[in-house]
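Spelled out from the first residue to the last, the chains are:
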Amino acid sequence: MHDLAIETHGLRKEFGGRTAVSDLTLSVQAGEVFGFLGPNGAGKTTSIKMLLSLTMPTAGTASILGQPLGSRAARAGIGYLPEHFRFHEWLTAAEFLDLHGRLYQMEKTERTAVIPDLLALVGLADRANTRLQAFSKGMLQRIGLAQALLNNPRLVFLDEPTSGLDPLGRRLVRDVVNGLREEGTAVFLNSHLLSEVEKTCDRVAFIRDGAVLETISLADFAQGSVQVTLRVGQPTPQLLPDLAQFGSAVQWQGKNGRIHLTLAQESQLPQLAQWLIDQGHTLYELTPTPLSLEDRFLQVIGQPERVEG
Amino acid sequence: MTTLIIAQLTIRETQRRRILWIVVLLALGFLGLYALGFHYIYAGLQENLPASENRNLFVGALVTMGLYVTNFLIALMTVLMSAASVSGEIESHTADTLVTKPIRRWELILGKWLGFSILLLGYILLLPGGVILISIWQSGLPVANVLPGLSLILLQGLILLSLSLAGGTRLSTLANGAMAFMIYGIAFLGSWTEQIGALFENQTAVNIGIVTSLIMPSEALWKKALALFQPGFASSPVMAGPLAVTSQPSDLMIGYAVAYMVALLALALWSFSRRDL
């Protein structure tokens with residue numbers, strides 16, 4: 001149980017008659033960077049709010065760091081950078097961190113030791129005594145990130161952490177996330193930027209209509225899946241169903257006679273070529289391209305039925 | 001502990017946003033003006049009215065007016081400073097990073113309540129307290145029951161504070177402020193109905209006043225406080241005119257007001273603990 005940072009079973013949230021999240025069932029390992037992907041309105045925000053006990057689930061169970069959801073013990077070990085970060089802007093950066101450190105019940109000596117380091121980490125060491133009202137959006141997000149790391153957390157929730165940041169800021173977030181992974185801290189990352197997720201996450205969950213459709217490991221994904229574009233002379237109607245034995249997402253690509261399909265393993269390519277020739281097809285084109293997370297996202301989110309990951 | 005941190009934060013916010021200093025500065029201005037006015041009026045009275053009984057009537061009227069205005073300002077400021085405190089932090093999501101800390105949500109509301117209560121106490125000591133001090137200093141005439149009277153003004157403020165914090169857990173800032181002022185206004189009107197009813201011995205009007213005082217006891221507390229400060233003057237409609245306390249709220253009403261305030265505060269703590277953010 002305790003090697004799981006997050007474990008949820010059938011978390012559900014209804015607002016009035018509307019179901020925002022129908023079934024959130026997932027587990028995040030300790031020390032893993034976990035991406036949470038889905039289209040707008042999929043229930044991502046409500047899911048995160050439930051995990052942070054900002055919102056109470058209508059049904060289901062969950063534990064955070066082995067503690068029951070909503071308990072103070074669970075919250076003691078987490079850090080959180082909200083998407084809509086708004087802080088007490090009349091505080092200086094150092095005062096702001098000190099306040100949140102006190103709310104984490106950190107001792108004064110601990111706070112004075114940690115705060116300068118965190119300010120330096122997020123590149124705001126020279127702004128310790130500047131009030132937050134003078135901060136830019138990017139600076140606010142960075143001080144928010146420092147706030148999420150105050151208590152040396154074992155699980156950090158980052159909700160769209162790079163949305164307001166310039167490339168340097170994004171790089172900083174990525175470095176922080178990598179640093180957390182090295183320290184064995186789990187990160188729950190909600191982001192629209194699939195390229196960011198691809199660079200930082202160990203696993204990702206795809207969520208749509210308030211339910212987890214599929215969870216994939218990015219390491220396996222990067223090694224395995226390839227998208228293949230192929231073109232044959234005089235394709236028969238039976239060709240498409242037959243190709244399904246090799247891979248998934250088989251479809252005509254526009255009117256140019258090309259077919260797209262996704263192979264789980266690159267090693268299937270020679271078999272596919274051999275089979276096409278054996279079947280008497282004239283093969284004009286067979287182009288493998290590594291599948292991007294965006295391709296996979298569109299494949300999974302586009303699926304009408306739920307797939308067990 | 002968390003409660004104290006938030007109380008401190010609440011007071012610091014009024015300092016940093018310069019609310020505290022503006023209030024203190026203007027209060028000092030108000031008191032200066034009151035002292036000046038009192039001084040010249042009293043000097044004139046001593047010249048023109050040799051009989052001290054007649055002078056006392058005017059002094060009573062001056063003190064009553066001063067207390068009436070400052071009491072009203074206290075009620076107004078209590079709602080103004082607290083109406084946005086909870087709803088604003090919910091709307092702006094400032095609350096999100098606070099309640100996800102290992103704290104109990106109700107501690108956040110109790111901390112705000114405590115912080116505002118301390119400010120409220122300061123304002124009361126400064127404004128109605130200042131009016132009383134100036135009156136005694138200028139005229140040498142005592143004001144009766146100073147501590148019990150100021151305590152009732154404080155209780156009135158605490159009721160409005162608890163109402164506005166409770167409302168803030170569910171209503172938008174504007175709706176909350178409007179709600180608090182409207183309820184205060186109803187109590188105001190009900191209390192006047194009661195006083196005028198008592199003057200003309202109309203029991204129905206008195207009962208209407210008592211019922212509104214049960215709905216919102218703020219104005220009953222002010223009437224009781226005034227009756228304590230100025231026992232002779234305030235109880236006489238001939239002398240005190242519309243401000244007279246002909247139907248004095250009972251001690252039971254004070255007990256009810258304490259229970260009412262505690263219930264509102266409990267509602268605020270419970271409501272914020274239960275809501276989705």
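Residues numbered from 1 in each chain as written. Chains lettered and ligands numbered in written order. Predicted model: local features only at pLDDT ≥ 70, side-chain atom pairs only at ≥ 80, totals over all residues. Heavy atoms only, no water.

Once that is clear, we can look at a nonpolar patch on the surface. Residue and element names in this part refer to chain B. Where nonpolar side chains cluster on the molecular surface, the patch consists of Ile196, Leu199 and Phe200 and spans about 320 Å² of accessible area. Topologically, Phe200 is positioned in the loop between helix H7 (173-199) and helix H8 (203-215). Of the residues examined, Phe200 reaches a relative accessible area of 63% and is grouped as exposed. (Patch = residues over 30% accessible without salt bridge, like charges linked within 9 Å, V, L, I, M, F, W, Y side chains within 5 Å. Areas by Shrake-Rupley, 256 points an atom, 1.4 Å probe, with all protein chains shown as cover. Salt bridge = Lys/Arg side-chain N within 4 Å of Asp/Glu carboxyl O. Helix = DSSP H or I, 4+ residues; strand = E, 2+ residues; numbered from the N terminus. Buried < 20%, exposed > 50% of the residue type's maximum accessible area, 1.4 Å probe, protein only.)

Okay, the packing of helix H3 (residues 93-103) of chain A against helix H5 (residues 137-148) of chain A next. Residues and elements named next belong to chain A. Close contact between H3 and H5 brings their axes to 10 Å; oriented N to C, the two are set at 30°. One element, H3, and the other, H5, form an angle in the roughly parallel class. Both H3 and H5 take part in a crossing whose hand is right-handed. Where H3 abuts H5, its residues Ala93, Phe96, Leu97 and His100 lie against Ile143, Ala146 and Gln147. In terms of residue class, the contact of H3 with H5 is built from 5 nonpolar, 2 polar and no charged. (Axes fitted to C-alpha atoms, helices over the stretch in contact; angles between N-to-C directions. Parallel < 35°, antiparallel > 145°, perpendicular 65-115°, else oblique. Left-handed = near helix turned anticlockwise from the far one by under 90°. Contact = heavy atoms within 4.5 Å. Nonpolar A, V, L, I, M, F, W, Y, C, P; charged D, E, K, R; others polar.)

Right, let's talk about helix H12 (residues 251-274) of chain B for a bit. All names here are of chain B. In this model, H12 (24 residues) spans 35 Å end to end at C-alpha, consistent with the 34 Å of a helix rising 1.5 Å per residue. For H12, the set of buried residues is Met253, Ala257, Tyr260, Met261, Leu264, Leu265, Ala268, Leu269, Ser271 and Phe272. Where H12 is buried, its residues meet helix H3 (52-91), helix H4 (94-99), helix H5 (105-139), helix H6 (146-168), H8 and helix H9 (218-229). (Expected span 1.5 Å × (residues − 1).)

So, on to the interface of chain B and chain A. Counting from both sides, the interface comprises 28 residues of chain B and, opposite them, 30 residues of chain A. Buried area between chain B and chain A, both sides added, is near 2,900 Å², and the carbon and sulfur share of it is 57%. The largest contributions to the chain B side of the interface with chain A come from Arg16, Lys101 and Pro102 of chain B, which together make up 24% of the buried area. If you look at where chain B meets chain A, you find 3 salt bridges. Across the pair Lys13 of chain A and Asp276 of chain B runs a salt bridge whose closest N-O atoms are separated by 2.7 Å. Secondary-structure elements contributing two or more residues to the side of chain B that touches chain A are helix H1 (2-16), H4 and H12 of chain B. Per-element tally for the side of chain B that touches chain A: the top contributor is H1 of chain B, with 8 residues. Here the residues of the side of chain B that touches chain A are counted per class, giving 8 nonpolar, 8 polar and 12 charged. (Buried area = accessible area lost by both parts, 1.4 Å probe.)

For the structure on display, the rule yields 16 salt bridges over all chains. Linking Arg12 of chain A and Glu14 of chain A is a salt bridge whose minimum nitrogen-to-oxygen distance equals 2.7 Å. Residue classification places Arg12 of chain A among the partly exposed positions, given a relative accessible area of 27%. Ionic pairing is found between Glu89 of chain B and Lys112 of chain B, a salt bridge with its closest N-O pair at 3.3 Å. With Glu89 of chain B in helix H3 and Lys112 of chain B in helix H5, the pair connects residues that are 23 residues apart, well separated along the chain. A single burial state applies to Glu89 of chain B and to Lys112 of chain B, both of which are buried. Taken together, the salt bridges that share partners define one network made up of Glu95 of chain A together with Arg12 and Arg16 of chain B.

Membership of the largest hydrophobic core comes to 155 residues, with the highest contact counts inside it found for Ile6, Ile143, Phe188 and Leu293 of chain A. Among the elements that make up this core, the one with the highest residue count is H3 of chain B (13 residues). Leave out the neighbours within four places in its chain, and Phe188 of chain A touches Ile6, Leu26, Val28, Phe34, Phe36, Ile48, Leu51, Leu155, Val156, Phe157 and Leu158 of chain A. (Core = buried A, V, L, I, M, F, W, Y, C linked by side-chain atoms within 4.5 Å.)

Once that is clear, we can look at the sheet that holds strand S13 (residues 258-263) of chain A. Remark on secondary structure: sheet strands pair via backbone hydrogen bonds, oriented parallel or antiparallel. All names here are of chain A. Strand order across the open sheet formed by 4 strands is S12-S13-S11-S14, with antiparallel pairing between neighbours. What marks the edges here is a single partner per strand, and that holds for strand S12 (247-253) and strand S14 (282-290). Neighbouring strand axes in the sheet, compared pairwise and without regard to direction, differ in orientation by 20° on average. Judged from the 5 bridges that link them, S12 and S13 form a sheet pairing that is antiparallel. If you follow Gln253 over to S13, its bridge partner there is Arg258. (Pairing = 2+ DSSP bridges.)

Position of Leu49 of chain B relative to the elements: it lies in the loop between helix H2 (19-48) and H3. Residue Leu49 of chain B is classed as partly exposed on the basis of its relative accessible area of 22%.

Here the focus is the confidence of the model for chain A. All names here are of chain A. Per-chain confidence: chain A averages 88 in pLDDT, with 96% of residues scoring 70 or above. For chain A, the element scoring lowest by mean pLDDT is helix H8 (residues 218-224), at 73; H3 scores highest, at 97. The low-confidence segment residues 305-309 (pLDDT under 50) makes 9 contacts with residues lying over four places distant or belonging to another chain. (pLDDT = per-residue confidence, 0-100.)

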